[in-house]
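# Topology and contacts: notes
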Amino acid sequence: MTGLVLRRLLQLPIILFVIYTITFCLAWLIPGNPLENPEGRRPPAEIMAAMEAQYHLDDPWTFYWDYLGKASGVRWLLGDRDGPVFDLGPSLKHENWTVNEILGAGLPVSFSLGFTAILIACAIGLTAGVIGGVRPGSPGDYVTLLIALIGISLPTFVIGTILLLVFAVWLNVFPIAGWGSFRYVVLPALTLSLPFAAYIARLTRFGMIEQMGADYIRTARAKGVPEIRVVLKHALKNAFLPVLSYLGPAAAAAMTGSFVVEKVFAVPGIGTHFVDGVLGKDLTLIMGVVLVYSIMLVLFNLAVDVLYRWADPRIELA
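Residues numbered from 1 in each chain as written. Predicted model: local features only at pLDDT ≥ 70, side-chain atom pairs only at ≥ 80, totals over all residues. Heavy atoms only, no water.

## Describing the pattern of salt bridges
Quick note on the threshold: For this document, the term salt bridge refers to a Lys or Arg side-chain nitrogen within 4 Å of an Asp or Glu carboxyl oxygen. Partly exposed residues are those whose accessible area sits between 20% and 50% of the maximum for their type, while under 20% is buried and over 50% is exposed, using a 1.4 Å probe and protein chains only. Numbering goes from the N terminus for both helices and strands, where a helix is a DSSP run of H or I of at least four residues and a strand is a run of E of at least two.
With the rule as written, the count across this model stands at six salt bridges. Where Asp66 meets Arg75, a salt bridge forms, and the shortest distance between an N and an O atom there is 2.5 Å. Asp66 sits in the buried class, given a relative accessible area of 18%. According to the relative accessible area criterion, Arg75 is partly exposed, its value standing at 27%. The salt bridge involving Asp141 is made with Arg205; its shortest N-O contact spans 2.6 Å. On the criterion of sequence distance, the pair formed by Asp141 in helix H6 (residues 139-153) and Arg205 in helix H8 (residues 183-212) is long-range, its members being 64 residues apart. Residues joined in a network through salt bridges with shared partners are Asp66, Lys70 and Arg75.

Shown next, in the form of structure tokens:
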């Protein structure tokens with residue numbers, strides 16, 4: 001187990017370097033100039049040239065290595081300690097804000113929203129999957145398949161709009177938009193959770209159907225083990241392994257912000273900032289958000305691999 005963790009952590013810098021390079025190339029090719037104001041007006045030519053030189057926007061090669069040195073902490077280790085260890089630079093569109101400050105303000109919001117969404121997705125998906133897997137072909141199974149189909153097929157902005165109309169506008173149970181108390185979390189978390197819940201339900205259902213027909217289940221029943229214990233303790237434990245492998249990337253995607261959900265519900269998470277960064281070609285903000293998301297994705301997948309090995313020691317992971 002220790003060797004697995006060490007290997008994955010040693011691979012992390014290489015993975016991040018590749019992602020950084022690809023993201024830089026794509027972000028640099030975005031049309032527009034980050035120094036323009038929202039109306040498209042530019043500062044005078046002299047000021048524009050000075051600002052481009054200050055942020056290295058006139059030389060992609062210099063920008064690439066300068067930002068890499070600051071973001072990776074190498075510049076800080078070499079003695080340039082004017083900023084934080086991992087300096088993601090100033091935002092090019094948000095005046096007087098650094099990318100570290102924007103992420104520091106947005107990440108807790110996205111974390112809270114994503115964590116709640118994953119909990120809701122597990123509750124809905126596992127329940128629906130167990131109901132459908134225990135009695136395939138029953139009315140309950142068809143209902144769970146319908147729920148999974150809706151969750152996978154409908155875009156989140158459609159689900160979010162429907163929930164807003166019903167629960168915020170017509171019934172006035174929850175606030176329409178914004179962020180504050182738990183009442184503000186319910187609708188965006190439910191909207192964000194449904195696609196994940198649909199996949200969890202499908203994975204659980206297929207796993208339960210396979211496990212319920214296994215020899216050890218028949219043996220447990222022959223010994224007189226109660227059906228509820230057979231289902232939850234024996235079958236679900238093994239059927240949950242595919243779900244566990246899916247939860248790694250799902251949790252990383254949910255907790256780093258859903259661009260669409262955060263826009264629909266006006267949630268001030270990093271998904272909203274990323275959309276604004278792409279639209280305004282805020283290179284430093286784009287790079288910072290992608291790097292943070294990539295780190296979380298690798299670490300969550302590592303956590304899943306560790307839990308996978310703990311759940312079933314027979315599994316060998318490279």
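## Overview of the confidence of the model for the protein
Note the threshold: Each residue carries a pLDDT score, the predictor's own confidence in it, on a scale running from 0 to 100.
Summing up the model confidence of the protein, the mean pLDDT is 86 and the portion of residues at 70 or higher is 94%. The spread of mean pLDDT over the elements of the protein runs between helix H2 (residues 45-54), the lowest at 80, and helix H3 (residues 60-72), the highest at 92.

## A closer look at the side chain of Asn33
Counted only if it meets this: Polar contacts here mean pairs of N or O atoms no more than 3.5 Å apart (in protein, one a potential hydrogen donor and the other a potential acceptor; neighbouring residues in sequence count only if both atoms are side-chain atoms).
Among the structural elements, Asn33 can be located in the loop between helix H1 (2-28) and H2. At a separation of 3.4 Å, a polar atom in the side chain of Asn33 contacts the side chain of Glu52.

## Some points on unusual backbone geometry
The phi dihedral of His56 falls on the positive side, at around 65°, and the residue is not glycine. The phi angle at Ala266 is positive, at roughly 55°, despite the residue not being glycine. Looking at where Ala266 falls in the secondary structure, it is placed in the loop between helix H11 (259-264) and helix H12 (270-279). Classification of Ala266 by relative accessible area gives partly exposed; the value is 45%.

## Some remarks on the nonpolar core
Where we set the bar: To qualify as a nonpolar core, a set must consist of buried Ala, Val, Leu, Ile, Met, Phe, Trp, Tyr and Cys residues joined through side-chain atoms within 4.5 Å.
Membership of the largest hydrophobic core comes to 29 residues, with the highest contact counts inside it found for Tyr20, Leu57, Phe63, Tyr67, Leu88, Leu103 and Leu283. Of all the secondary structure elements, the ones that give two or more residues to this core are H1, H3, helix H5 (99-134), H12 and helix H13 (283-311). For this core, the leading source of residues is H13, giving nine residues.

## Comments concerning a nonpolar patch on the surface
Inclusion rule: Exposure above 30% relative accessible area and no salt bridge define the residues that can form patches, which grow by joining like charges within 9 Å and nonpolar side chains of Val, Leu, Ile, Met, Phe, Trp and Tyr within 5 Å. Every accessible area reported is derived by Shrake-Rupley at a probe size of 1.4 Å, with residue values counting cover from the shown protein chains alone.
Residues Ile14, Phe17, Val18, Ile22, Leu26, Trp61 and Trp65 make up a contiguous nonpolar surface patch of about 760 Å² in total accessible area. The set of elements that each furnish at least two residues to the nonpolar patch consists of H1 and H3. The element best represented in the nonpolar patch is H1, accounting for five residues. Tracing the chain through its elements places Val18 in helix H1.

## Quick look at the side chain of Gln211
How we decide: Every residue pair with non-hydrogen atoms within 4.5 Å of one another is taken to be in contact.
Mapped onto the secondary structure, Gln211 falls in helix H8. Apart from the residues within four sequence positions on either side, Gln211 is in contact with Tyr216, Ile217, Ala235, Asn238 and Ala239.

## Focus on H1
What counts, and what does not: An expected span of 1.5 Å times one less than the residue number is assigned to each helix. Bending is quantified residue by residue as the angle between axes fitted to the seven-residue window ending at that residue and the seven-residue window starting at it.
A rise of 1.5 Å per residue sets the reference length of H1, with its 27 residues, at 39 Å; its end C-alpha atoms lie 39 Å apart and thus fit the reference within 8%. At Leu12, H1 shows its maximal bend, which comes to roughly 30°, and the proline Pro13 appears one to four places after that position. When H1 is considered as a whole, its buried residues turn out to be Leu4, Leu12, Leu16, Tyr20, Thr23, Phe24 and Ala27.

## Brief notes about the packing of helix H9 (residues 215-222) against helix H10 (residues 227-255)
Our working definition: Helix axes are fitted only over the stretch in contact, all axes being lines through C-alpha atoms; the angle between N-to-C directions runs from 0 to 180 degrees. Just so you know how the angles are binned, under 35 degrees is roughly parallel, over 145 roughly antiparallel, 65 to 115 roughly perpendicular, and the rest oblique. Each helix crossing is assigned a hand: it is left-handed if the near helix lies turned anticlockwise from the far helix by less than a right angle, otherwise right-handed if that turn is clockwise.
At a minimum axis distance of 10 Å, the contact between H9 and H10 shows a crossing angle of 160°. Relative to H10, H9 is oriented roughly antiparallel. In this structure, H9 crosses over H10, and the sense of that crossing is right-handed. Contact residues: Tyr216, Ile217, Ala220 and Arg221 in H9; Glu227, Val230, His234, Ala235 and Asn238 in H10.

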